[in-house]
Each structure stands twice: as C-alpha cells, then as structure tokens.
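Letter by letter, the chains look like this.
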Amino acid sequence: PESLYAEVARLHEGLGEPAAALQAYEIVAARQPDDFASQAKVVSLQAATGNGDQALTAATDVVRRFRASPESLALLRDTYRKLGRERDLPADLRKLHAERPNDREIVFALADVLESSGQTEDAEKLLRAELVKLGSAAGSAGRRGVGRRRSTRQATAWRPPAGR
C-alpha cells in the first residue's frame, strides 16, 4: 500500500497539487519512519504549501531520527533556506547541540553555519571546546590504557623455567 500512496503523491505533484501530494506522502512517511526519502518529501512539501513552521519542526525531527546524518542536516539547511529563515538556523542548531552534545555532526554543522553567517569567532570557540572535550576524553582513556598495559606486562613478564 505504501508504494500506491507514493505513486498517488507523485501524480499529484506532477499535476501541481502539492497539498494533495503532501497528504499521500504523510501516509507513506508514517508507515515508513526509517525511510529518509519519504520523510524528506514531507518536509519539502510542507515548506512548499506554506506550512513553514511544520516543515522546520519536521526537518528537526528528521535530524534527530537519522542521528544528524549529513543528508538530514542538508535537509534542515535547505528547509531554512527555502523559507528565507537562514538567520534562525544557528539558534536552532545550538538547541540541537544542547540536546546532543556528543554528536559531532551537529557540532560541525553548527560551526559551518556560524562561520558562513559571519560568526567566525563563535565557530572557533565551539570547535576549540570540542577539541578540549575530545582531548580530555582521549587523555583519560590513554591513562587507563597505560595502566592496563603495565599490568599486562607484569603478568606476562619472563620467568625462568620451573626447577632452575
């Protein structure tokens, strides 16, 4: 049935009926939540039909659902661009970053958006903070690893054969 709804949606798009196409794609997207293409179509058609706030909410949900994949972040950027709301993107990416502070894709997307919007200093601060965070995580992992290596060496140290 999803393929039938998708075909109906494509036909409506071809006829220049984006609202009807959106209804059909919403059914497909609801039944196939892990299909990026159908989720992206819903976002695109929401923007095309004048439902900008819904499109932005849906695009942000796609970023969350698809774990900030490059495709989902591109969809988010494109949606803001289509709606002429590019100035709002940094603030919304900051919110996503606050929700998912360990998601590097979001960090890099935010840094890129900040730099492209003339906020180079903020982008550099963000990336420096990320490097510090990574460095401290690597340092503690390295210290744990050194301790393990030392104990492993002690356990496997050469011993003279028994009886000598």
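A. Looking closely at the confidence of the model for the chain. Residues with a pLDDT of 70 or more make up 84% of the chain, whose mean pLDDT is 85. Contacts of residues 143-161 to residues separated by more than four positions or lying in other chains number one contact, the stretch itself having pLDDT below 50.

B. Expanded view of the packing of aromatic side chains. Counting across every chain of the model gives one aromatic pair. Ring plane angle 90° and centroid distance 5.4 Å describe the contact between Phe 36 and Phe 66, whose orientation is recorded as edge-to-face. Placement of the pair is Phe 36 in helix H3 (residues 36-48) and Phe 66 in the loop between helix H4 (52-65) and helix H5 (70-82), with a sequence separation of 30 residues. Note on Phe 66: relative accessible area 19%, which makes it buried.

C. The environment of Ala 111, seen in detail. Here Ala 111 shows up in helix H7 (residues 104-116). Remark: the alpha-carbon pair of Ala 111 and Leu 127, spanning 16 residues in sequence, is separated by 7.0 Å. Excluding residues within four positions of it along the chain, Ala 111 makes contact with Ala 123, Leu 126 and Leu 127.

D. Representation of the side chain of Glu 130 in the model. Position of Glu 130 among the secondary structure elements: in helix H8 (residues 120-155). Among residues more than four places away in sequence, those in contact with Glu 130 are Pro 101, Arg 104 and Val 107.

E. Quick look at the environment of Tyr 25. Summarising the element assignment, Tyr 25 is placed in helix H2 (residues 18-31). Owing to a relative accessible area of 5%, Tyr 25 belongs among the buried residues under this scheme. The sequence separation of Tyr 25 and Tyr 5 amounts to 20 residues, and the corresponding C-alpha distance is 6.9 Å.

F. Just unusual backbone geometry, in detail. Positive phi outside glycine occurs at Arg 67, with the angle close to 50°. Within the secondary structure layout, Arg 67 lies in the loop between H4 and H5. Not every positive phi belongs to a glycine, and Ala 68 is a case in point at roughly 55°. Here Ala 68 lies in the loop between H4 and H5.

Rules of the game
- Residues numbered from 1 in each chain as written.
- Predicted model: local features only at pLDDT ≥ 70, side-chain atom pairs only at ≥ 80, totals over all residues.
- Heavy atoms only, no water.
- pLDDT = per-residue confidence, 0-100.
- Contact = heavy atoms within 4.5 Å.
- Phe/Tyr/Trp six-rings, centres within 6.5 Å; stacked < 30°, edge-to-face > 60°.
- Helix = DSSP H or I, 4+ residues; strand = E, 2+ residues; numbered from the N terminus.
- Buried < 20%, exposed > 50% of the residue type's maximum accessible area, 1.4 Å probe, protein only.

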